[in-house]
Amino acid sequence: MAAELIDGKGFAARIRDDIKRGVDQRTRRGLRRPGLAVILVGDDPASKVYVGHKRNDCEQVGIESQVLELPFSTTEAEVLHHIDEYNADPSVDGILVQLPLPRHVDSTRVIERIRPDKDVDGFHPYNIGRLVQRIPALRPCTPFGVIRLLESIGEPFKERDAVVVGASNIVGRPMALELLLAGATVTVCHRFTRDTEAHVRQADLVVVGVGKPGLVKGEWIKEGATVIDVGINRMDDGRLVGDVEFDVARERAAWITPVPGGVGPMTRAMLLQNTLDAARHHDG
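Every chain's residues receive numbers from 1 upward, in the order its sequence appears when written. Per-residue local features are limited, in this predicted model, to residues with pLDDT of at least 70; the limit for side-chain atom pairs, both in listing and counting, is 80 or more; totals at the level of whole chains, interfaces and linings are taken over all residues. Side-chain measures here rest on the full set of heavy atoms in the structure, leaving out hydrogens and waters.

## Points about empty space enclosed by the protein
Residues are said to line a cavity or pocket when one of their atoms sits within 4 Å of a point; the points come from a 1 Å grid over protein atoms alone, cavities being sets where a 1.4 Å probe fits but cannot get out and pockets being open sets with protein on both sides within 12 Å along at least five of seven lines. Grid points are joined across faces, edges and corners, and a volume is the space filled by probe spheres set on the points. Counted by the stated rule, this structure contains one cavity of 30 Å³ or more. Volume-wise, the largest cavity comes out at about 60 Å³. Along the walls of the largest cavity sit Ile95, Leu96, Val97, Leu99, Val110, Ile111, Ile114, Asp119, Asp121 and Phe123, which together make up its complete lining. A run of DSSP states H or I qualifies as a helix once it reaches four residues; a run of E qualifies as a strand once it reaches two. Both are numbered from the N-terminal end. At the level of elements, strand 4 (94–97) and helix 4 (107–113) are the ones that each hand at least two residues to the lining of the largest cavity. Residue contributions to the lining of the largest cavity peak at three residues, all from strand 4.

Below, the structure written as structure tokens:
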């Protein structure tokens, strides 16, 4: 029997409804709407599309958003200056610098310049450190969204063997920390792993986020496993596909996320959630 699809798009819509209610409750109490500031450097088409989606999401839930579009030639010092201004602006609860940045701008310095309590991407070392210590504050959006998706299908986590394929700072590493926090036993596979297939074959829960179409073969998936595909890759024919060989994996798994419509909408929803949570924190 084919796996059940995990409807990230539908679940994200329900989360946005909850966030809108939270924002509306704030305004009824006389509190200001949460504010999100986005900095976009350069002309990357995909980044422009993502930023447009985020602006629309904010409008839907009542979050005040502003986008600062800077030319490719903008210096690192200028980017840091704009972050400092947003750090000091009491109307801004969340700051997001759209990645990737031009190569002449150090993304590590940029991320570390954002005030941790305004770091709605959850990438600042302070927020990652809180996650390591099991006292999460603002959490990285994609792993946080994956956890919410898994909770929505009743994933038990405890006594489950989880394998994360990919060890990026954005997905793989914080994903492993989130799964540890939830009680799973976690293995992380990366480019130096000797036998990724062997690890995947024994996993009850597989999360893949590498950016290589079909990297994880469907036949590797354990019968009855849950598969979360974070990858999104555009093929030459225009199709969007994930990192997992979907058709074969779906015949073996119990649950699987589609691409598109799985993890992506959840990442955007968690950005809104982090912004609302940051505003609540700033209320004191």
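Picking up where we left off.
## Topic: helix 10 (residues 263–282)
Look at helix 10: 29 Å from first C-alpha to last across 20 residues, which is about the 28 Å you get at 1.5 Å a residue. Directly beyond the C-terminal end of helix 10, a positive phi value near 90° is found at Gly284. In this scheme, a helix's expected span is set at 1.5 Å multiplied by one less than its residue total.

## Remarks on the environment of Ile153
One can find Ile153 in the loop between helix 6 (141–152) and strand 5 (161–165). Only protein chains enter the accessibility calculation, which uses a 1.4 Å probe; a residue whose area is less than 20% of its type maximum is buried, one above 50% is exposed, and one in between is partly exposed. You can call Ile153 partly exposed: its relative accessible area is 21%. Distance from Ile153 to Arg28, taken between C-alpha atoms, is 33 Å for residues 125 residues apart in sequence. A contact between two residues is defined here by any heavy atoms of the two lying within 4.5 Å. Once you skip the residues sitting within four places of it in the chain, Ile153 turns out to touch Ile6, Thr226 and Trp255.

## Section: the pairing of strand 7 (residues 205–208)
Neither face of strand 7 is left uncovered, since the one carrying Leu205 and Val207 and the one carrying Val206 and Val208 both have all their residues buried. Following DSSP output, two strands are said to pair if at least two bridges run between them. Relative to strand 7, strand 5 runs parallel, the two sharing four bridges. By the bridge assignment for strand 7, Val163 is matched with Val206. Two elements, strand 7 and strand 8 (residues 226–229), share four bridges in a ladder whose sense is parallel. Bridging from a neighbouring strand, Val208 pairs with Asp229 of strand 8.

## Quick notes on the UniProt feature "domain: Tetrahydrofolate dehydrogenase/cyclohydrolase catalytic" (unreviewed entry) in the chain
UniProt positions are given in the numbering used here, feature names are shortened, and annotations may be inferred rather than shown by experiment. According to UniProt, the "domain: Tetrahydrofolate dehydrogenase/cyclohydrolase catalytic" (unreviewed entry) feature falls on residues 6–121. Span residues 6–121 is 50% helix and 16% strand, its end C-alpha atoms 23 Å apart.

## Regarding the layout of surface pockets
Approximately 340 Å³ is the volume attributed to the second largest pocket. Forming the boundary of the second largest pocket are 13 residues, of which Thr108, Ile111, Phe123, Asn169 and Ile170 lie nearest the centre. Counting only elements with at least two residues in the lining of the second largest pocket, the list comes to helix 4, helix 5 (125–132) and helix 7 (172–182). Residue composition of the lining of the second largest pocket, by class: eight nonpolar, three polar and two charged. Note on residue classes: Ala, Val, Leu, Ile, Met, Phe, Trp, Tyr, Cys and Pro are nonpolar, Asp, Glu, Lys and Arg are charged, and everything else, Gly too, is polar.

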